[in-house]
Amino acid sequence: MPSGGKKKRKEPSRKKSELDSALDQVGDESAAAAMKEFQDLLGEARNDTSELVRQNAEELERRLVLLKNREIDKEDFDYFVENQKRDLRVFVDSQPAQAQERAEKLTLHILEMAATKVVPILIAMI
């Protein structure tokens with residue numbers, strides 16, 4: 001029986017990324033819960049049907065790894081986040097009303113979480 005034209009997406013099995021491995025090392029329970037939520041959202045964004053959402057997730061992860069490896073500083077990361085947020089607001093606003101909440105969660109919210117929760121933890125780990 002057809003499922004209304006919706007395809008089920010399989011979750012691809014993948015090795016843990018360098019960022020996932022670093023975030024898994026967080027010991028504090030509340031910080032670990034925030035990292036788990038971030039990792040779940042990032043995984044969801046990586047597998048989204050929208051190319052822009054996937055590209056944002058990939059670039060965000062790349063920038064976090066660069067920050068962790070001290071190849072960029074927090075100022076560079078914050079500049080990236082602000083530019084992405086500005087560009088992605090246009091994307092979110094262009095989505096149909098019923099898709100805007102999801103688009104915002106997988107773009108603007110994930111960038112905000114990275115800037116306010118993930119980066120301070122990564123910097124503390126350095």
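Residues numbered from 1 in each chain as written. Predicted model: local features only at pLDDT ≥ 70, side-chain atom pairs only at ≥ 80, totals over all residues. Heavy atoms only, no water.

**Student:** For the overall build of the protein chain, give the residues involved together with the corresponding values.
**Tutor:** Along its length, the protein chain carries 5 helices and 0 strands. Along the protein chain, helices and strands appear, N-terminal first, in the series α-α-α-α-α. Out of the 126 residues in the protein chain, the part that is buried amounts to 40%. Counting contacts in the protein chain only where the partners sit at least 6 residues apart, residues at least 24 apart contribute 64% of the total. Summed over all atoms, the accessible surface of the protein chain reaches about 8100 Å², with 50% contributed by carbon and sulfur. (Helix = DSSP H or I, 4+ residues; strand = E, 2+ residues; numbered from the N terminus. Buried < 20%, exposed > 50% of the residue type's maximum accessible area, 1.4 Å probe, protein only. Contact = heavy atoms within 4.5 Å. Areas by Shrake-Rupley, 256 points an atom, 1.4 Å probe, with all protein chains shown as cover.)

**Student:** I'd like a description of the side chain of Lys 85, backed by residues and values.
**Tutor:** As for its position among the elements, Lys 85 is in helix α4 (residues 74-94). When residues no more than four places from it in sequence are discounted, the contact partners of Lys 85 are Leu 108, Leu 111 and Glu 112.

**Student:** Could you give me a rundown of the nonpolar core, with the residues and numbers involved?
**Tutor:** Counting residues in each nonpolar core, the largest one holds 36 residues, and the members touching the most others are Leu 19, Phe 38, Leu 60, Leu 64 and Phe 77. Secondary structure elements with two or more residues in this core: α1 (18-23), α2 (29-46), α3 (51-68), α4 and α5 (97-125). The greatest single-element share of this core, amounting to 12 residues, is contributed by α5. Ignoring any residue separated from it by four or fewer positions in sequence, one finds Leu 60 in contact with Phe 38, Leu 42, Phe 77, Phe 80, Ile 110, Leu 111 and Ala 114. (Core = buried A, V, L, I, M, F, W, Y, C linked by side-chain atoms within 4.5 Å.)

**Student:** Lay out the packing of aromatic side chains with the relevant residues and their values.
**Tutor:** For the structure shown, the criterion picks out 1 aromatic pair. Ring geometry for Phe 77 and Phe 80: centres 6.0 Å apart, planes at 50°, overall tilted. Of this pair, Phe 77 and Phe 80 both sit in helix α4, separated by 3 residues, roughly a single helical turn. Phe 80 matches Phe 77 in its accessibility class, with the two residues each being buried. (Phe/Tyr/Trp six-rings, centres within 6.5 Å; stacked < 30°, edge-to-face > 60°.)

**Student:** Go over the packing of α3 against α4 with me, naming the residues and quoting the values.
**Tutor:** Here α3 crosses α4 at 170°, and the two axes come no closer than 10 Å. Between α3 and α4, the crossing angle belongs to the class labelled roughly antiparallel. For the pair α3 and α4, the contacting residues are Leu 52, Val 53, Asn 56, Glu 59, Leu 60, Arg 63, Leu 64 and Leu 67 in the first and Lys 74, Phe 77, Phe 80, Gln 84, Leu 88 and Phe 91 in the second. Of the residues contributing to the contact of α3 with α4, the split by class is 9 nonpolar, 2 polar and 3 charged. (Axes fitted to C-alpha atoms, helices over the stretch in contact; angles between N-to-C directions. Parallel < 35°, antiparallel > 145°, perpendicular 65-115°, else oblique. Nonpolar A, V, L, I, M, F, W, Y, C, P; charged D, E, K, R; others polar.)

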